[in-house]
Amino acid sequence: MMPILGFALLTLTLSRCTEAFVAIGGGTSTHISITRTALLEIVRETCRDVVEHSGHKFEPTGPSPEELVSACLRPTATGEVSGAKFHVALQEIYSQNGLVDQNFADSAPHHFNSEAFIEGRALITQGLGVIKANVKKENFQAARETLGRVLHTLQDFYSHSNWVELGYTDTYINLIRPDLPLENMADAETATCSDCASGNCPNPILPNILAEQMLTSGYMGIFSDEKPKGKCSHGGAGDMTSTVIPRGGISKDERRADNGAFHSLAVNLAITATKQLLEDIRAAVGHNEFLRLVGIARSSVVCFVIDTTGSMGDDIAEAREVINEIIDSKKGTQDEPSEYILVPFNDPEFGPLYRTTDAEEIKKKIADIKPDGGGDIPEMSLSGLRLALTGAPKYSSIYVFTDAQAKDIHLKDTVIALMRTTKSVVSFFLTSIFGRRRRSLSIGRLQDYKDMALASGGQVIQVSKGQLPQATDIILDTSTSALVTVLQRDRNPGKEETFPFLLDESLKNVTIYITGTSIAFTLTNPAGVSQGHKQASGDLGTIQTVGNLRRICLRSDRQSGKWQININSEQPYTLKITGQSMITFIYDFVERFEGPHSSYAVISGRPLSGQPVMVMLSIIGRRGPSSLDISDVGLVIVSGPETVSKSKITDMGNGELLVTVDAVPAGEFVLSLKGTDRISNTEFQRQSTTQMSISKVNVQAAVKSNLEPGNAFTLPFSVFTTGSGGEYTINAKNDRDFIMRCPESLTVTTGERANATLIITPPPSTPSGTDVTLTLEAKASSGEDSNFVVLRFAVVTKVTDFVPPVCKVVNVASNECPQDASLCGSHNWELTANITDESGIDSVSLRQGGGNLTHTLLGAPAVQVSYTASCCSPILDFSAVDKAGNVGKCFHSIITDDLPPMCEIVSVKAFNCPKNASQCNSQHWELNANLTDGKGTGIKSISLRVGDGDLSHTSLSSPVVQAHYNASCCIQSVEFVAMDKLGHEGKCTFQHSVVPSASPPALSLSLSLWLCLLMSAVIGLL
């Protein structure tokens, strides 16, 4: 038992709120909150390292994800910083984490149930290999989805096994280190639990299991009550085995009166284990790629899909000029794209997709495009667009350049399905529609492009080739950070209509786009000042007209408040209003699923009709969600009358809102949001861009494993309808053109599921880490109704190498370093080490140390490393990564460190805690402490052992690390552990109590107790 630092003991039993390892919700012990806590801490550490390495200060203005992203990106580039991309990445991880409870509810390995330890660890370690391979190939979405599933399994170990009952207070690192054995597991014949008739016993593990430190987990039966004799059950209402002797269960998913301490420890170990797994990924891929994995990057991505046929020479030249202008004008700002994507198409060729983060590389690539061929008019535009939609990040802006109709129009439904799934905005630049007859677009084919643009929230810009340079200003407008949509409407046929809209104080660079012909309009601000369509430059802004596009740029000193624009035209037209703002939202349509852990799952496809539509909304403010008040969320028809379907809003915590709409509009709709920005006290409105509609058809399929090169993979799927039964056409497409076998049709009976399978086979030559996007659509024979599912699979060669590189220090020369630290600057020390690995060393990187690290040629099984540093920099820490992504570490210190870190509790604030224990959950208490390692190696990590609050800290590289703990008044105890780089641990422990009195509630600490606190900080560990 380690001695305790800063210990004060005051006791009072308080009631607890119910908390559980469920998929989603506002409690502190959900899979989402566990993942969120760990992710934010590792991201904060990574951002701090990257920013400080670039010579800047890392200074978050607050704890929210938005403020973290701003502190991470703002020091190196000026401009508005949006947290949307970070939130999108987090939601992808959270979503897949939660789906494990739906898609793998009865799979013991996915939850470490039924003593499936070997199989559960295999899921984790194989998943780690997949994540690293995906990141290496820059397939970040596939990596995030695998990460979510792996984290769920890892976190469940601490809740579903008896690890904490055995007395362990640290994580089981062997779960992510397959080179280390899983030891002392109970065999199938060994009884592990005593009977618990009440179902709620403090610790039903048998005494001999505890004494022998034998590992077990609870058996779970969703459909059967069978379990081996004498074995523990998982427990709970959803577990049929919990009523079979030995009854009860050992799950710590929920906090109960009998397992509060075990539940808290399981939560904290799950957080620490999550951090360790994230640290392993970061060490393998590097800091910058890790930040891209979690969505920390400038929000703008420029994606061009370009027709390269012979008549497109002028268009290609203009695309080249636009790229150059974007690069040159936005360099060094937050508007500078974080990534460039280029997809060429011709006939019959299209692709490949080219992506780079290097501005000079994309300049060179687009300069190399030579127009050629294309004599038969239609081109493969939708094949190129499909590649862009599957290759670009979600919420991207994609620009298609062509002067011909689509030869592959059969992909239209697939492309629209991908637009709805990725929420990317696609705009088409169509030239020569007034030009040569051979290449002109028919009205029908032009409408196809308009349908797709409208579905995504984009536009169709029709210009001559000579007008194209003016029209591409829209690309400069929209390839920017923090872009939001205020309003978008479509009218076909056209009519006179007035469109009101709100402009809030946070909006910058507000631009209004109107597409159509024979249009008159008048814009009016809140003060009643108006400007008509004939005034190219007026009191409200400037108007540019080119082809079918009117572009209105509002003046920077424009007023906040209620604006309106009146449009009059008998011809079809579209209206779109955008700006730059950190106030935005992201969303997913969800459905509730039942099971041991009922929750909400993201829908891939259109929501089912005949029931309420549910949307999970993440609101993003300038200082986090708490800086916004949401007043209204509804569904709006873009192409119909101005009506909004009202909703019920449920706060799920951490800025998550569950929006339920009972009266769902008929036809295509978008999400509309209104509220108040607390910072400026102004009203705002935002709108989603991607159109959605409901369907009577439902298609179900799930990603349950990865694909392997050369191996056929069977995917079960089902089709269901509440509408008319009969023959349904099945349309399956994948973006890699892998060979697939799938039924062309299914007979579906109303109210019943029709089951089938699809077989997809990646070629043997497919590189490990490749991802493939599969779109599966079912359409009624009448063509009136359809639905789809979009799945993303990773193609990965099975990992067989789990042994990390081995580091052996060969020589250390530090005798010249003086005892007097003030003289260290004039002396150096040196180290030589050998790193070995059978598969070969892929990279060597310095983690800590101010010296010069060199090494021999990489790729060899043995690499020699040399390090030279000033004696003022006494610590060396570097890592080596092998070809399989395994991480080996080398640490050496030339100073002696025998003492653990020290803790000094600086302040405790608990005066808000109520004397009525039943009201404790509405108030919080705080603790601040300083952690130091004296002249030792420095603090490596800080982790929470006891307590369900939020623990944060300043930079671990500082001599004094400041720790801050915030928890509900229901949570009385806290214990966190600081570990130095040699593995020594120091503890900070505190327990508060509320003493009822006539005066305002306050923390009761006597003078002697405060002296005890101070003395313990001085005395330290004995």
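Scroll up a little and you will see the structure.
Residues numbered from 1 in each chain as written. Predicted model: local features only at pLDDT ≥ 70, side-chain atom pairs only at ≥ 80, totals over all residues. Heavy atoms only, no water.

A. How the structure looks around the sheet that holds strand E12 (residues 541-546). With respect to topology, five strands assemble into an open sheet ordered E7-E15-E9-E13-E12, the strand pairing being antiparallel. In this open sheet, the two strands that pair with only one neighbour each are strand E7 (483-491) and E12. Across the sheet, the mean angle from the axis of one strand to that of its neighbour is 15 degrees, orientation sign disregarded. Sheet topology places strand E9 (residues 508-516) next to strand E15 (residues 573-580); seven bridges connect them, and they run antiparallel. Considered in E15, the bridge of Lys 508 is made with Gln 580. (Pairing = 2+ DSSP bridges. Helix = DSSP H or I, 4+ residues; strand = E, 2+ residues; numbered from the N terminus. Axes fitted to C-alpha atoms, helices over the stretch in contact; angles between N-to-C directions.)

B. Local environment of the sheet that holds strand E22 (residues 656-661). Overall, antiparallel pairing links the five strands, which are arranged E17-E16-E18-E22-E21 in an open sheet. Whereas interior strands pair on both sides, the edge strands pair on one side only; in this sheet they are strand E17 (599-602) and strand E21 (648-653). Averaged over all neighbouring strand pairs, the angle between strand axes comes to 40 degrees, with direction disregarded.

C. Spatial organisation of helix H12 (residues 381-391). The buried count for H12 comes to 11 of 11 residues, which makes it a mostly enclosed element. Considered for burial, the residues of H12 that qualify are Ser 381, Leu 382, Ser 383, Gly 384, Leu 385, Arg 386, Leu 387, Ala 388, Leu 389, Thr 390 and Gly 391. (Buried < 20%, exposed > 50% of the residue type's maximum accessible area, 1.4 Å probe, protein only.)

D. Region of interest: the state of the cysteines. Per the stated rule, a full pass over the model turns up nine disulfides. The disulfide partner of Cys 807 is Cys 890, and the gap between their sulfur atoms is 1.5 Å. Taking the torsion about the sulfur-sulfur bond, which here is approximately -40 degrees, the covalent link between Cys 807 and Cys 890 counts as left-handed. With Cys 807 in strand E33 (residues 806-813) and Cys 890 in strand E39 (residues 887-893), the pair connects residues that are 83 residues apart, well separated along the chain. Relative accessible area serves as the criterion here: at 24%, Cys 807 is assigned to the partly exposed category. Overall, the relative accessible area of 5% leaves Cys 890 in the buried class. For Cys 903, the disulfide goes to Cys 988, at an S-S distance of 1.4 Å. On the sign convention where negative is left-handed, the bridge of Cys 903 and Cys 988, at about 55 degrees about the S-S bond, is right-handed. In this pair, Cys 903 sits in strand E40 (residues 902-909) while Cys 988 sits in strand E46 (residues 985-991), placing the two residues 85 residues apart along the sequence. The pair formed by Cys 903 and Cys 988 is uniform in burial state, with each residue classed as buried. (Disulfide = S-S within 2.5 Å.)

E. Just the pairing of strand E45 (residues 973-980), in detail. For E45, a buried count of six out of eight residues is recorded, marking the element as mostly surrounded by other parts of the structure. Bridging between strand E42 (residues 939-946) and E45 involves six bridges; their strand directions are antiparallel. Counterpart to Ile 939 in the pairing with E45 is Asp 980. Pairing of E45 with E46 involves seven bridges; the strand directions are antiparallel.

F. The arrangement of the side chain of Thr 272 in detail. Within the fold, Thr 272 resides in helix H8 (residues 260-285). With relative accessibility at 11%, the residue Thr 272 sits in the buried group. Excluding anything up to four places from it in sequence, Thr 272 contacts Thr 171, Ser 943 and Leu 944. (Contact = heavy atoms within 4.5 Å.)

G. Region of interest: the packing of helix H1 (residues 31-53) against helix H6 (residues 140-160). Two elements in contact, H1 and H6, have axes whose closest approach is 11 Å; the angle formed by their N-to-C orientations is 105 degrees. By the angle between their directions, the pair H1 and H6 is classed as roughly perpendicular. Contact residues: H1 offers His 31, Ile 34 and Thr 35, while H6 offers Leu 151, His 152, Gln 155 and Asp 156. In terms of residue class, the contact of H1 with H6 is made up of two nonpolar, four polar and one charged. (Parallel < 35°, antiparallel > 145°, perpendicular 65-115°, else oblique. Nonpolar A, V, L, I, M, F, W, Y, C, P; charged D, E, K, R; others polar.)

H. Quick peek at the pairing of strand E26 (residues 713-721). By the criterion of burial, E26 is predominantly enclosed, with seven of the nine residues buried. Here strand E25 (residues 697-700) pairs with E26 via four bridges, running antiparallel. Opposite Gln 700, over in E26, you have Ser 718 as the bridge partner. One ladder, built from seven bridges, connects E26 with strand E30 (residues 754-761); its direction is antiparallel. The partner of Val 719 across the bridge, within E30, is Ala 754.

I. Spatial organisation of the nonpolar core. Residues Tyr 158, Leu 277 and Ile 296 are the most contacted members of the largest nonpolar core, which totals 62 residues. If you list the elements that add at least two residues to this core, you get H1, helix H2 (65-73), helix H3 (84-103), helix H5 (117-136), H6, H8 and helix H9 (287-293). Leave out the neighbours within four places in its chain, and Tyr 158 touches Trp 163, Val 164, Thr 171, Tyr 172, Leu 175, Lys 252, Ala 266, Leu 269, Ala 270 and Ala 273. Ranked by size, the runner-up nonpolar core spans 32 residues in total, among them Leu 389, Ile 398, Ile 416 and Val 426. (Core = buried A, V, L, I, M, F, W, Y, C linked by side-chain atoms within 4.5 Å.)

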